[in-house]
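# What the coordinates show
Next come the chains, spelled out residue by residue.
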Amino acid sequence: MASGTEDVRKLFIFTTTQNYFGLTSEPWDQPLLYNCPEINNFLDDGNQMLLRVQRSDAGISFTNTIEFGDTKDKVLVFFKLRPEVITDENLHNNILVSSMLESPINSLYQAVRQVFAPMLLKDQEWSRNFDPKLQNLLSELEAGLGIVLRRSDTNLSKLKFKEDDTRGILTPSDEFQFWIEQAHRGNKQISKERASYFKELFETIAREFYNLDSLSLLEVVDLVETTRDVVDDVWRQTEHDPYPESRMLHLLDIIGGSFGRFVQKKLGTLNLWEDPYYLVKENLKAGVSICEQWVIVCSHLTGQVWQRYVPHPWKNEKYCPETLDKLGKRLEEVLAIRTIHEKLLYFLPAGEEKIICLARVFEPFTGLNPVQYNPYTEPLWKAAVSQYEKIIAPAEQKIAGRLKNYISEIQDSPQQLLQAFLKYKELVKRPTISKELMLERETLLARLTDSVKDFRLDFENRCRGTPGDPSGPLSGKNLSEVVNNIVWVRQLELKVDDAIKIAEALLSDLSGFRSFHRSAEDLLDQFKLYEQEQFDDWSRDIQSGLSDSRSGLCIEANSRIMELDPSDGSLKVHYSDRLVILLREVRQLSALGFVIPAKIQQVANIAQKFCKQAIILKQVAHFYNSIDQQMIQSQRPMMLQSALAFEQIIKNSKAGSGGKSQITWDNPKELEGYIQKLQNAAERLATENRRLRKWHMTFCEKVVILMNIDLLRQQQRWKDGLQELRTGLASVEAQCPLTWQSKWEGPEDPLQYLRGLVARTLAIQNWVDKAEKQALLSDTLDLSELFHPDTFLNALRQETARAMGHSVDSLKFVASWKGRLQEAKLQVKISGLLLEGCSFDGNRLSENQHDSPSVSSVLPCFMGWIPQGAYGPYSPDECISLPVYTSAERDRVVTNIDVPCGGNQDQWIQCGAALFLKNQ
């Protein structure tokens, strides 16, 4: 160095500058730079408060002013606390050092956010002595700088919004806040609406990310899946301009960073080498799942789903969060090491060797935090793992024979053999043990080869059949044929994939592995081809149906929404059930990774647009078509005016003040108003029906009270009750036709009521006589002859439980129209049941026709109690559980029985189907 090397002040300036800019040489050895006047002014002039150091292509430059202009170069600033000459004594007490990157706004924001705000606002000592007003100003400064930074262009003199600028977006919460700010401060209304749309989509996960550190590992496993759905919705939305690809790439990256830091922080609280194995295993598995799942999400979305999404395709290469992926693999290594340790504990015999080995096994990892993955810690980790493997080598040699004996005992059972290899796969992967288990691994490979052959045969036998048939694909619930077939073959794919993964992990060195792998991959190719064929066939069928007006797939925005069918008078909504199925198919196939053809997607988008209104209209139509079944027949004339008013609204579906044009789907404002009118009219009619039915039930209750009166001793009470009944009838007499009053069951004459009571009493005596002769259960019985039929069924349940030696709670009640119950120890043949809301022919339920009676008789059936696990006479999927009431008023339930309906249980619930006992 030039003369003056004894100047410690300059040495401090030069050394700090060299370290900050990463300089390998010392250009200030030159006297000209060493005697730089700007440096001398800063050190020797008490009034000169600042020294700026900047590196450019020309070299290092020193100035005493801040002049950034449009430069992006890094800047280092020395500045004084007090206006003093710098000496050896005050060198470290009077000079502050600050660096600036990208922009002064960013540097100030990060300094406030990372250093000063936490210290002055969260530290108890400082916050207690810090003026609350200043605390608020500091918080506002941090928030304001964040807003400016998120909205600033790279040109520092122009603070304008640019979506591709993500310098201020460091966490997912920053991104969510960005769209909140844009929704309030956008320059154009359309920009505000777009920002509000994104803001609402992100709200699903915003709270969880803001409070990420307070969540558990398992909660964040669920958050990964939720986040996947949200970013997918953001990318695929078509309501507004698309989400910028560079911004989405940045968002995926910072989300992965947040997940990685969260996992490191949570696992950092554990001692991964000494804490109980079950605790370490549970947390490591959750951490690995978080890392793996987000890597899979990013790869799947950017590598497949979004690249094939025609409205907004992903143009860059597949994105994979590499650091998060490597962190997940590191955690897998830690889990494997701990698992091997547990298996050693299990197989090694108790003794001194075991204690010595296991006491030393984790020594190589002392002082090394395994969750802190980065390129600098990787060599240290590999060295520790290598030392660890040397330590456990003797133990592996000892347990190899024991593990071989254990597996040899179960190798005749393919399932047990596979489970054993999966259970001890970490040990089997060890070279010493793998070599010892050569024959057992050959046996496992043969079993896996056989399983792949079985999968191939099952696929070839079923792939051309109908879902649900014995020779067709297995069927799931609420899936159309195309989706069902694809889901079925995807399940087979998973099984084959599992076999491949096991073989790759444990059997890749065997001679038969390549042949197995080729066969399995060939089968996977067949599965993929079958999937594509199914999708292509579906696409062709749908597209051909789009040109056929009778297919139910055509919906025109300018078409009528509903009309009355002239053939049967029913109300039809011009939105077919096939469209609802199409929407579900498009949604499910998209989720399965298929690219929906543009024409089909367009129809689905239109159908989705009107789906909400169509569902409401279908509910109104169902109400209109079934209201007559919900009315008591004799009450229908009482509601004639309300029904006519409702029907008039349906017939006069005109738009505009003049009512000259029909209301169509593409007129949302008029449509909403019309739907509201329909709903109001339907509600008025339903309310009136409920009111009249309530009166009917009230009158029934009063009649029941009268029936319980002792007519010989309480004649006055009878007369008072009768008067109350007449008063109630008078309250609705203005609406009530004369014929309605004649519909009330039972005469007003007390003697006639007594005759009815005697008739029931005689019937009960007849039951008693049959029971004493052991002949009661062999005859056809009428439950309406009993005062309490539910008590009789419960007694039958108790007798059945006693006869079968079962507990009462282990039995279930069933009914059969096919014949006697095979599984029932005791059973009765019941008649006298009535059905309301639909018809039943003994085989299945069917809808009432327009001329069908509202109430119909039900054929006699056998009833009894059978064990819960026993199969009843009907499959649960083809039945609906209907209540059996004591009367048509449905005020008291006797029991519930399964009635065959052929599926679609919701249809019969909407029809109000129910059984009840006939009146005596």
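Residues numbered from 1 in each chain as written. Predicted model: local features only at pLDDT ≥ 70, side-chain atom pairs only at ≥ 80, totals over all residues. Heavy atoms only, no water.

### Notes on the overall build of the chain
Each helix and strand in the chain was counted, giving 30 helices and 19 strands. Residue burial in the chain is summarised as follows: out of 920 residues, 43% are buried. Look at the contacts in the chain between residues 6 or more apart in sequence, and 67% of them connect residues 24 or more apart. For the chain, the computed accessible surface area is about 49800 Å², with 51% contributed by carbon and sulfur atoms. (Helix = DSSP H or I, 4+ residues; strand = E, 2+ residues; numbered from the N terminus. Buried < 20%, exposed > 50% of the residue type's maximum accessible area, 1.4 Å probe, protein only. Contact = heavy atoms within 4.5 Å. Areas by Shrake-Rupley, 256 points an atom, 1.4 Å probe, with all protein chains shown as cover.)

### Description of a nonpolar patch on the surface
On the surface, Val 115, Phe 116 and Met 119 cluster together into a nonpolar patch covering about 260 Å² of accessible area. Residue position: Met 119 is located in helix α5 (residues 104-122). (Patch = residues over 30% accessible without salt bridge, like charges linked within 9 Å, V, L, I, M, F, W, Y side chains within 5 Å. Salt bridge = Lys/Arg side-chain N within 4 Å of Asp/Glu carboxyl O.)

### A few points about the environment of Ser 258
In this fold, Ser 258 is placed in helix α11 (residues 245-267). You can call Ser 258 buried: its relative accessible area is 7%. Along the chain, Ser 258 and Thr 171 lie 87 residues apart, while their C-alpha atoms are 7.0 Å from each other. Beyond its immediate sequence surroundings of up to four residues, Ser 258 is in contact with Pro 172, Phe 209 and Leu 212.

### Considerations on the packing of aromatic side chains
A complete count under the given rule lists 30 aromatic pairs for this structure. Pairing Phe 198 with Tyr 243 gives two aromatic rings, centres 5.2 Å apart and planes at 85°, and the pair type is edge-to-face. With Phe 198 in helix α9 (residues 189-210) and Tyr 243 in the loop between α10 (217-236) and α11, this residue pair connects regions lying 45 residues apart in the sequence. Judged by its relative accessible area of 0%, Phe 198 falls in the buried class. Here Tyr 243 falls in the buried class, since its relative accessible area comes to 0%. On the basis of an interplanar angle of 20° and a centroid distance of 6.5 Å, the ring pair of Trp 273 and Trp 381 is categorised as stacked. Residue Trp 273 is located in the loop between α11 and α12 (277-305), and its partner Trp 381 is located in helix α15 (residues 378-408); the two are separated by 108 residues in the primary sequence. (Phe/Tyr/Trp six-rings, centres within 6.5 Å; stacked < 30°, edge-to-face > 60°.)

### What to know about the pairing of strand β10 (residues 811-816)
When you tally the buried positions in β10, you get five out of six residues, the bulk of the element. As paired strands, β10 and strand β16 (residues 861-867) are joined by six bridges and run antiparallel to one another. Each bridged residue has a counterpart across the sheet, and for Phe 813 the counterpart in β16 is Trp 865. (Pairing = 2+ DSSP bridges.)

### What about the sheet that holds strand β4 (residues 95-100)?
Overall, antiparallel pairing links the four strands, which are arranged β2-β1-β3-β4 in an open sheet. Both outer strands of the open sheet, β2 (59-63) and β4, are each paired with one neighbouring strand and no more. When the angles between neighbouring strand axes are averaged without regard to direction, this sheet yields 20°. As judged from the six bridges shared by strand β3 (residues 75-80) and β4, these two strands associate in the antiparallel manner. Of the residues in β4, the one forming a bridge with Leu 76 is Ser 99. In this fold helix α1 (residues 8-21) packs onto β1 (50-56), β2, β3 and β4, with an angle of close to 150° to the strand it touches most, β3. The sheet strands contacting helix α3 (residues 37-44) are β1, β2, β3 and β4, and the helix crosses β1 at an angle near 155°. (Axes fitted to C-alpha atoms, helices over the stretch in contact; angles between N-to-C directions.)

### Considering the sheet that holds β10
The mixed open sheet is built from four strands, whose spatial order is β9-β11-β16-β10. The sheet is open, and its two edges are formed by β9 (780-782) and β10, each paired on a single side. Averaged over neighbouring strand pairs, the angle between their axes works out to 40° when direction is ignored. Its contacts with the sheet put helix α29 (residues 789-804) on β9, β10, β11 (827-831) and β16, and the angle it makes with β16 is roughly 50°.

### Things to note about the confidence of the model for the chain
When the pLDDT values of the chain are averaged, the result is 81; 86% of them are 70 or greater. Confidence drops under a pLDDT of 50 for residues 153-160, and excluding neighbours within four residues, the segment shows 18 contacts in the predicted structure. Note on residues 740-748: pLDDT is under 50 here. Beyond four places in sequence and across chains, it has 25 contacts. (pLDDT = per-residue confidence, 0-100.)

### Some points on α1
When the terminal C-alpha atoms of α1 are compared, their 20 Å separation across 14 residues agrees well with the 20 Å that a helix rising 1.5 Å per residue should span. Within the sequence span of α1, burial applies to Arg 9, Lys 10, Phe 12, Ile 13, Phe 14, Thr 16, Thr 17, Gln 18 and Phe 21. Where α1 starts, the residue carrying a side-chain oxygen 3.1 Å from the main-chain nitrogen of Arg 9 turns out to be Asp 7. Two residues or fewer after α1 comes Gly 22, characterised by a positive phi angle close to 65°. (Expected span 1.5 Å × (residues − 1). Polar contact = N/O pair within 3.5 Å; in protein donor to acceptor, adjacent residues only side chain to side chain.)

### Examining the state of the cysteines
For the structure on display, the rule yields zero disulfides. Not engaged in a disulfide, the cysteine Cys 298 finds its nearest cysteine sulfur in Cys 320; these two sulfurs lie 7.5 Å apart. Overall, the relative accessible area of 0% leaves Cys 298 in the buried class. (Disulfide = S-S within 2.5 Å.)

### Examining helix α23 (residues 598-630)
Along its 33 residues, α23 runs 45 Å from first to last C-alpha, staying within 8% of the 48 Å computed at 1.5 Å per residue. Considering bend angle alone, the principal kink of α23 is centred on Cys 611 and spans about 50°. (Bend = angle between axes of the 7 residues up to and from the residue.)

### What to know about a negative patch on the surface
Together, Glu 208, Glu 219, Asp 222, Glu 225, Asp 229 and Asp 233 make up a negatively charged patch on the protein surface. Looking at which element gives the most residues to the negative patch, the answer is α10, with five residues. With respect to the helices, strands and loops of the structure, Glu 219 is situated in helix α10. (Lys, Arg positive; Asp, Glu negative; His and termini not counted. Charge placed at Lys NZ, Arg CZ, Asp CG, Glu CD.)

### A closer look at the side chain of Gln 237
Note that Gln 237 resides in the loop between α10 and α11. Residue Gln 237 is classed as buried on the basis of its relative accessible area, which comes to 7%. Within the structure, Gln 237 has its side chain in polar contact with the backbone nitrogen of Glu 239 (distance 3.1 Å). Polar side-chain contacts of Gln 237 include one of 3.0 Å to the backbone oxygen of Asp 241. Look past the residues within four positions of Gln 237 in its chain and what remains in contact with it is Tyr 197, Phe 198, Pro 242 and Tyr 243.

### Quick notes on the environment of Met 863
With respect to the helices and strands, the residue Met 863 is situated in strand β16. What makes Met 863 buried here is its relative accessible area of 2%. In sequence terms Met 863 and Ile 830 are 33 residues apart; their C-alpha atoms lie 7.0 Å from each other. Residues in contact with Met 863, not counting those within four places in the same chain, are Leu 796, Phe 813, Val 814, Ala 815, Leu 821, Gln 827, Val 828, Ile 830, Leu 833 and Ile 897.

### What about the packing of α11 against α12?
Interhelical geometry of α11 versus α12 gives an angle of 175° and a closest axis separation of 10 Å. As the angle between them shows, α11 and α12 are arranged roughly antiparallel. Residues Leu 252, Ile 255, Gly 256, Phe 259, Phe 262, Val 263 and Leu 267 of α11 touch α12, and the partners they reach there are Asn 283, Leu 284, Gly 287, Ile 290, Trp 294, Cys 298 and Thr 302. (Parallel < 35°, antiparallel > 145°, perpendicular 65-115°, else oblique.)

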